[in-house]
Amino acid sequence: MLRYLARRLLIMIPTLFFTSAIIFTVINLPPSDYFSNYVAEIQAQGEKADTSRIDFLKKEYGFDKPPVQRYFLWVAGLLHGDYGYSFEYQLPVRDVVGDRLYLTMLVSFSTIIFTWLVAFPIGIYSATHQYSWADYGLTTLGLLGLAIPHFLLALLFMYFANSWFGLSIGGLMDPRYLNAPMSWDKLRSILAHLWIPVIIIGTAGTGAMIRSVRANLLEELQKQYVTTARAKGLHPFRTLMKYPFRLAMNFFISDIGSILPSVVSGAELVAIVLSLQTTGPLLVHALQTQDMYLAGSFLMFLATLTIVGVLISDIALAFLDPRIRLQGGSR
Amino acid sequence: MRVRLVAFLVAMLLVPQARAATETPYFAAKVAAGALPPVDARLPEHPRVVDLKAMGREPGKPGGTWHMLMGDQRDLRMVTLYSYARLVGFDTKLKLVADILESFEVQDDEVFTFHLRKGHRWSDGEPFTAEDFRYYWEDVALNTKLYPSGPEMGLTIGGEKPKFEVIDPWTVRYTWASPNPAFLPSLAGPQPLYIYMPAHYLKQFNPRYADKDELAKKVKAAHVKDWSALHERMSRQYRPENPDLPTLEPWRNTTAPPADFFVFERNPYYHRVDEAGRQLPYIDKIAMMLGTTNLIPAKVASGDADLQARYLNFEDYTFLKQAETVNHYRVDLWQQGYGSRAALMPNLNAADLVWRKILRDVQFRRALSLGINRHDINNVLFFGLARESGNTVLPDSPLFKPEYAQAYTNYDPDEANKLLDAAGLDRRDTSGFRLLPDGRRADIIVETAGSDPIETDILELVGDDFSKLGLHLYNHPSSRDAFRQRITSGQVIMSMAQGLDNAVPTRVFEPDALAPTSEAQFQWPLWGLNFESHGQQGEAVDIPEAQQLLDLLKQWRMAKHGDEKQSVWEQMLSINAQQVFTIGILNGTQQPVVVDQDLRNVPEKALFSFEPSSFFGLYMPDTFWYDRKGE
């Protein structure tokens, strides 16, 4: 087990190295950089871009050096925990991401918990009452949730919330708390606004999870040990929870790997539509304006979380299901 | 050489100041507690008195918050634009008047003497004096670390620096050996040339004055490379990101970035008062909310903004109008100040030599202009509210002549076809489309920056018109950055963009937009680049008409009289109109402006442009006020 862990951790190093190289290359692929982009936008509005100012900034951020050198400077910084500098905000990336990260995690965790709370009972009910009217009805609802794009749902929600209830559009808290330090009132305001994005982002995940729970459970329920347990008079609920349900959980554990990065990045499109103060819009905007260190460091962070998440889910699976072996091929 | 002294006297200053200014309620508690001096001590000896009655407005009462919606942190500069406090500024008739300055004298456009207001203070209460000008000139503009390539363009004439003198603590003088007529307009511009900086605050970041260890600590804490980067970041006046930086504007930023919500508070030392002796601005605070720009029209319609035009488009007008009474605002339409809402720009520097020859043929450009049915476009897309015109100045400008607007703008496909035949496009393929002299089909690919949906709509209609000329038009949107690069490298034969940025100039404005002076002029990017880089990059102008424009620009800069400047402007406008370097389609398009019903003094009809109106700035938002009970 320890050897396995060490091997997996060592493999992470070249993986992350390659990822960083790919990220850097892709961000640098367009024939322009943040500054030319900035100048173009400024001049399009009729403003004058002071070229001597731009030269000053370019030099300060090392844009007079070749890309390879810039890449190594960036990676060296990452190793020291220095994520670089955001041109757009004129601040270290760490400060820019700052509070947004906590808000994003709050939204994401709430969404995940919402998904589980809704999906598991429905999935189990659908599986145990297969082909009943309730099963069909709930399945249809789940599929609808899966089929409607997030951002469309967000737009509809916003429109009706505004025209029927007069709610303000977008945002994760009342504007007056935006710059205030965290307080009970602020938390209450956040919680009052939180349910809209949670439901919107959660619907698709819920739909998918209902289907998975149902399918996995159905497979187990038809096995002979279930029939035996029932025949021996075990309480139906205990029968369900003790064996088939636990076995049906494997898919769920292996899914954890992909949950970690999404917790941090949030649903970008919905966040943009709803003007949430999360990291998603930040990342998209950074990519659009070629704010390369902000975008690059953030993507690196996501990549690291994905790799760690996969590792965690692999290990958790091994603990949960003794049939799964870590060393493959030693039959 | 005839020496002529032009003295600009501001009549307003001669009004004797009633020395009983009223305290602003917002500061009353602070003054009572002794944290702030009373209003009389905060105002300069001679504040600028804004006579609202004379302007046809009502004097108001202080209070309230101006809510505005913006896209991202860069939009902080909108407050600087809207505030429009400048050393000298334009009034609504585009006359230069002293604003922050008490008065100024100009001799032959060479010697500029500025008189400050005695007792004028920065927003932190420190005096604003000649030292702030000296600090900027000697310790910033001339510092090779802060300005590696020398002082900003507006301060040098052909690379020559001015002689700067401090006459006394309230008088400074700039002297050039040759005329610098663009100096005052650039000080008055929406994005002004800042020739002063709060020296008392910035000296702590300058090694010439600051303690070395202290400064090193600050540099380290800010995660920057050296003091120059720190100084640059702390001293941004145009984009007021630093809440500690003292300012002379009516509102000062109180929020440190990064944030999604910025609050600006009134400047207790602001230098303007109304005729009743009330210190301006009337509005206490500005609350700027950042968010997704596409959502802004929806948010405005739900009543989230008090005065908003940015990010609202003409397409939103009916939608905004619907919620007008429910959400207690009115929607006005202001005239946009572009020379053309969208203009076709044939790239005279195209890399394709066959196309370049065709594009440089004036008959071809005239034919395209004659081949556009502007009347239909106006009716289909703008409800007939726009003006069919070439890319030239608007009728509101004193330089306007109908012949500039009407040159080659009548719809005449027959004449256009004749001109195209004469331009060497007389051969056609089997389906009737014209062929280039080398046998390729003469397909015109028009590239756009892809951010403005109206451009796509206009191109759709222009494409229909061009098919009657035997030309196929394709629209190719791309990202703005790639768009610019492709134009400069000559890969684009034609692009579409907004026309003249300032289409309401007077003769005191520099006519640089009419001659090849910038890479951002898509009809001749390489010539513009050549001019910008003093001949280092790009290509030298090689057609006589463009060279003539450059010569005229030089003549304007050396001109001693207003009349000579006027004649230069007229010649340049006429050449541009006759040569159709850019093919304007419509101008005078409308900008929706949403105004809270309680907000007073906002004009119903006005010009909306970056230059010269600084968006709302020219109409003095510091005189807008809320007619609400309890505020």
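Residues numbered from 1 in each chain as written. Chains lettered and ligands numbered in written order. Predicted model: local features only at pLDDT ≥ 70, side-chain atom pairs only at ≥ 80, totals over all residues.

A.B. asks: How should I be thinking about the interface of chain B and chain A in this particular structure?
C.D. replies: When the parts of a complex come together, some accessible area is lost, and that lost area is often taken as the interface size. Contacts between chain B and chain A engage 37 residues on the former and 36 residues on the latter. Of all elements in the fold, only helix H9 (227-234), helix H10 (296-301) and helix H18 (480-488) of chain B reach the threshold of two or more residues within the side of chain B that touches chain A. The biggest single contributor to the side of chain B that touches chain A is H18(B), with five residues. (Contact = placed C-beta atoms within 7 Å. Helix = DSSP H or I, 4+ residues; strand = E, 2+ residues; numbered from the N terminus.)

A.B. asks: Sorry if this is basic, but what is going on with the pairing of strand E21 (residues 583-587) of chain B here?
C.D. replies: Residues and elements named next belong to chain B. Most of E21 is tucked away: five of the five residues are buried. Examined bridge by bridge, strand E16 (residues 342-346) and E21 share three bridges and lie antiparallel to one another. Pairing of Leu-344 across the sheet is with Ile-583, part of E21. (Buried ≥ 20, exposed ≤ 12 C-beta atoms within 10 Å, placed from the backbone. Pairing = 2+ DSSP bridges.)

A.B. asks: When you look at the confidence of the model for chain B in this model, what are you seeing that I'm missing?
C.D. replies: Residue and element names in this part refer to chain B. When pLDDT is averaged along chain B, the result is 91; 97% of the residues meet or exceed 70. Below a pLDDT of 50 lies the segment residues 1-18, which in the model reaches 24 contacts outside its immediate sequence neighbourhood of four places, other chains included. The ipTM assigned to the predicted complex is 0.77, against a pTM of 0.85. (pLDDT = per-residue confidence, 0-100.)

A.B. asks: Sorry, what's going on with the sheet that holds strand E13 (residues 285-290) of chain B here?
C.D. replies: Where strands meet in a sheet, backbone hydrogen bonds hold them as pairs that are either parallel or antiparallel. Residue and element names in this part refer to chain B. The strand order E3-E13-E11-E10 describes an open sheet built from four strands, whose pairing is mixed. Looking at strand neighbours, the two that pair on one side only are strand E3 (65-70) and strand E10 (251-253), the edges of this open sheet. Strand after strand, the sheet turns through a mean of 25° between neighbouring axes, direction not considered. Strand direction decides the pairing type here: strand E11 (residues 261-266) and E13, joined by five bridges, are antiparallel. (Axes fitted to C-alpha atoms, helices over the stretch in contact; angles between N-to-C directions.)

A.B. asks: What should I look at first to understand the sheet that holds strand E15 (residues 329-336) of chain B in this one?
C.D. replies: All names here are of chain B. The strand order across the open sheet formed by four strands is E14-E22-E15-E24, and the pairing between neighbours is mixed. Two strands bound the open sheet, and with one partner strand each, they are strand E14 (307-308) and strand E24 (607-608). For E15 and E24, the ladder comprises two bridges, and the chain directions are parallel. Residue pairing for E24: Gln-335 is matched across the bridge by Leu-607.

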